[in-house]
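Fold and geometry: a report
Chain by chain, the residues:
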Amino acid sequence: MRQTVFLSSPEVWQRGHGSDHPLKPERLQRTHELLAEYGAFEAPNVRLMAPRPATKAELLLFHTTEYVDVVRALSEGDSALPAWRYGFGPGDNPIFEGMFDSEGLKVGSAIQAAELLLTNECDVAFSYSGGLHHGGPALASGFCVFNDAAVAIQWLLEQRQRVAYVDIDVHHGDGVQDAFYDSDRVLTISLHQDPRTLFPGTGFVHETGAGRGEGYCVNIPLPPYTDDERYLWAFREIVLPLLNRFTADVVVTQLGVDTHIQDPLANLALTTEGQSALFSTLAELAPKWLALGGGGYAMDVVPRAWTLALGLMAGIHWPEELPPGYQARYGGRWLHDREAVLLEERLRQQVGVRVEEVVATLKQIQKLG
Ligand SMILES: [Zn+2]
């Protein structure tokens, strides 16, 4: 039985981007509540732990001193700073009260998860408030202030770990890719919607790493309307052999669930079936598993998808009917989607052809049989 830690406390959703922003803190609250009401935290192999804030030294593992100081000052209301120069402003990356503490806590959470794995206190740690993969060393981007994934991976490298990073968010994991682009000690793999059709516009197959890192960066761009079947096929053809070949000590995953067909910000066509199959494949692959959250903007989907994820991590099967209190507060009745995705046949075939091309190109680049 896998020893599983879930890192959460009300602190992760009490501040945040606000209810008018897609990255609503309520996503985290609802997920926590759904898990609690299923009795997840009473399971003998699941431990709920409150995350701790990151120290400044930890933030500096990836971010610049200037940026860390700027985020703190903006957070405290300093209006004289040129916030736009660091990616802040109305829209994707608004400045909000308590931003430094709120976002620093998500980084601390990821490092705490890494520490728990290396001290063998658990086999899998799920820091669901993070996965903020767009953040740059001195730049807020795509809702991400600090890049908890990049910080935690850098921390793991300093503990002499070999790290594979698998990013299944619908958006390309550009910040993490850039952080380790010239390293052969981190294998970064990102599956995402075709960058020609979605933010951040990077993540093409020919972005493969540089210098010593050549070949250690893998991008799997998928056309809009890629469904469970095609997505899982590409995953198994490319990600499985690469992870087997790389032999990581720790697998870090970004588990964005904005690949779901109902997601308002993107156009892939996965269901909770496909997402569950992905989580369970990752569970089989990862020796030590540091799971991070990520995107996901359909309020009805995110709590269910991440509840399924924790179940697959810990080997627990939840009842299919949602707990009555949860149903009463948020609606919905079933844990899994009830409706299958039915794509028009011609579209389905077009998607299939495109996915096969991507997989064939990557097999050639990576010299996979
Ligand atoms: Zn995303």
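Residues numbered from 1 in each chain as written. Predicted model: local features only at pLDDT ≥ 70, side-chain atom pairs only at ≥ 80, totals over all residues. Heavy atoms only, no water.

A look at the overall build of the protein
In terms of helices and strands, the protein carries 12 helices and 8 strands. Scaling as 2.2 N^0.38, a compact globule of 369 residues should have a C-alpha radius of gyration of about 21 Å, and the protein matches this with 19 Å. By its C-alpha atoms, the protein is 55 × 55 × 40 Å across when sized along the principal axes. Taken over 369 residues, the protein has a buried fraction of 60%. The long-range share in the protein, meaning contacts at least 24 apart out of those at least 6 apart in sequence, stands at 78%. With the model as given, the accessible surface of the protein reaches about 14,400 Å², and the carbon-plus-sulfur share is 51%. Distance from the positive charge centre (29 side chains) to the negative charge centre (47 side chains) of the protein: 4 Å. (Helix = DSSP H or I, 4+ residues; strand = E, 2+ residues; numbered from the N terminus. Rg over C-alpha atoms; globule rule 2.2 N^0.38 Å. Buried < 20%, exposed > 50% of the residue type's maximum accessible area, 1.4 Å probe, protein only. Contact = heavy atoms within 4.5 Å. Areas by Shrake-Rupley, 256 points an atom, 1.4 Å probe, with all protein chains shown as cover. Lys, Arg positive; Asp, Glu negative; His and termini not counted. Charge placed at Lys NZ, Arg CZ, Asp CG, Glu CD.)

Thoughts on the sheet that holds strand S5 (residues 186–193)
Within the open sheet, the 8 strands sit side by side as S2-S1-S3-S8-S7-S4-S5-S6. Their pairing is parallel. Lying at the two open borders of the sheet, with one neighbouring strand each, are strand S2 (46–49) and strand S6 (217–222). On average, each strand axis in the sheet is tilted by 15° relative to the strand beside it, whichever way the strands run. The sheet contact formed by strand S3 (residues 124–127) and strand S8 (residues 288–292) spans 4 bridges and is parallel. In the strand pairing of S8, Phe-126 is matched with Ala-291. (Pairing = 2+ DSSP bridges. Axes fitted to C-alpha atoms, helices over the stretch in contact; angles between N-to-C directions.)

Details of the nonpolar core
Membership of the largest hydrophobic core comes to 71 residues, with the highest contact counts inside it found for Phe-126, Val-166, Ile-168, Ile-220, Leu-255, Trp-289 and Met-313. Looking at which element gives the most residues to this core, the answer is helix H8 (residues 228–246), with 9 residues. Sequence-distant contacts of Phe-126, defined by excluding residues within four places in its chain, comprise Val-5, Phe-6, Leu-7, Leu-255, Ala-291, Leu-292, Gly-293, Trp-306, Ala-309, Leu-310 and Met-313. Grouped together as the second largest cluster of nonpolar side chains are 46 residues, Val-5, Ala-54, Tyr-67 and Ile-153 included. (Core = buried A, V, L, I, M, F, W, Y, C linked by side-chain atoms within 4.5 Å.)

Concerning unusual backbone geometry
Here the residue pair Phe-199 and Pro-200 is connected by a cis peptide bond, since its omega of 0° sits within 30 degrees of zero. Within the secondary structure layout, Pro-200 lies in the loop between S5 and S6. Within the chain, Arg-160 stands out as a residue other than glycine whose phi angle is a positive 60°. Judged by its relative accessible area of 73%, Arg-160 is exposed. Although it is not a glycine, Lys-367 adopts a positive phi angle of roughly 50°. Tracing the backbone through its elements, the reader meets Lys-367 in the segment after helix H12 (345–365). Of the residues examined, Lys-367 reaches a relative accessible area of 71% and is grouped as exposed.

Side note on the pairing of S6
By the criterion of burial, S6 is predominantly enclosed, with 6 of the 6 residues buried. Burial along S6 is two-sided: the face carrying Cys-217, Asn-219 and Pro-221 and the face carrying Val-218, Ile-220 and Leu-222 are both buried. Two elements, S5 and S6, share 6 bridges in a ladder whose sense is parallel. The residue bridging Ser-190 from the neighbouring strand is Asn-219, located in S6.

What about the packing of H8 against helix H9 (residues 272–285)?
Close contact between H8 and H9 brings their axes to 10 Å; oriented N to C, the two are set at 10°. Here H8 is positioned roughly parallel relative to H9, judged by the angle of their axes. Every residue of H9 that contacts H8 at Asp-228, Tyr-231, Leu-232, Phe-235, Arg-236, Leu-240, Leu-243 and Asn-244 is listed here: Glu-273, Gly-274, Ala-277, Leu-278, Thr-281, Leu-282 and Leu-285. Residue composition of the contact of H8 with H9, by class: 9 nonpolar, 3 polar and 3 charged. (Parallel < 35°, antiparallel > 145°, perpendicular 65-115°, else oblique. Nonpolar A, V, L, I, M, F, W, Y, C, P; charged D, E, K, R; others polar.)

Focus: the pattern of salt bridges
This model, assessed by the stated rule, comprises 19 salt bridges. A salt bridge links Arg-212 to Asp-184, with the shortest nitrogen-to-oxygen separation between them at 3.3 Å. Note that Arg-212 is positioned in the loop between S5 and S6 and Asp-184 in the loop between helix H7 (174–179) and S5, a separation of 28 residues in sequence. In this structure, the salt-bridge partner of Arg-196 is Asp-194, at a minimum N-O distance of 2.7 Å. Look at Arg-196 and you get exposed, because its relative accessible area is 61%. Ionic contacts of the salt-bridge type, sharing partners, join the residues Glu-33, Glu-37 and Arg-329 into one network. (Salt bridge = Lys/Arg side-chain N within 4 Å of Asp/Glu carboxyl O.)

Concerning the packing of H9 against helix H10 (residues 302–314)
Following both chains from N to C, one finds H9 and H10 inclined at 30°, their axes separated by 9 Å at the closest point. Regarding the angle of H9 to H10, the classification is roughly parallel. Relative to H10, the crossing made by H9 is right-handed. For the pair H9 and H10, the contacting residues are Thr-272, Gln-275, Ser-276, Phe-279, Ser-280 and Ala-283 in the first and Arg-304, Ala-305, Leu-308, Ala-309 and Leu-312 in the second. Broken down by class, the residue content of the contact of H9 with H10 amounts to 6 nonpolar, 4 polar and 1 charged. (Left-handed = near helix turned anticlockwise from the far one by under 90°.)

What to know about empty space enclosed by the protein
Inspection of the entire model under this criterion finds 2 cavities of 30 Å³ or more. The calculated volume of the largest cavity comes to roughly 110 Å³. Taken together, 15 residues line the largest cavity, and the ones lying closest to its centre are Leu-23, Arg-27, Leu-28, Lys-106 and Ser-129. Classifying every residue of the lining of the largest cavity gives 6 nonpolar, 5 polar and 4 charged. Looking at the second largest cavity, its volume works out to about 40 Å³. As for the second largest cavity, its lining consists of Tyr-165, His-172, Gly-173, Val-176, Gln-177, Thr-188, Ile-189, Ser-190, Cys-217, Val-218 and Asn-219. (1 Å grid on protein atoms, 1.4 Å probe; cavity = no way out; pocket = protein on both sides within 12 Å on 5 of 7 lines; lining within 4 Å. Points joined across faces, edges and corners; volume = space filled by probe spheres on them.)

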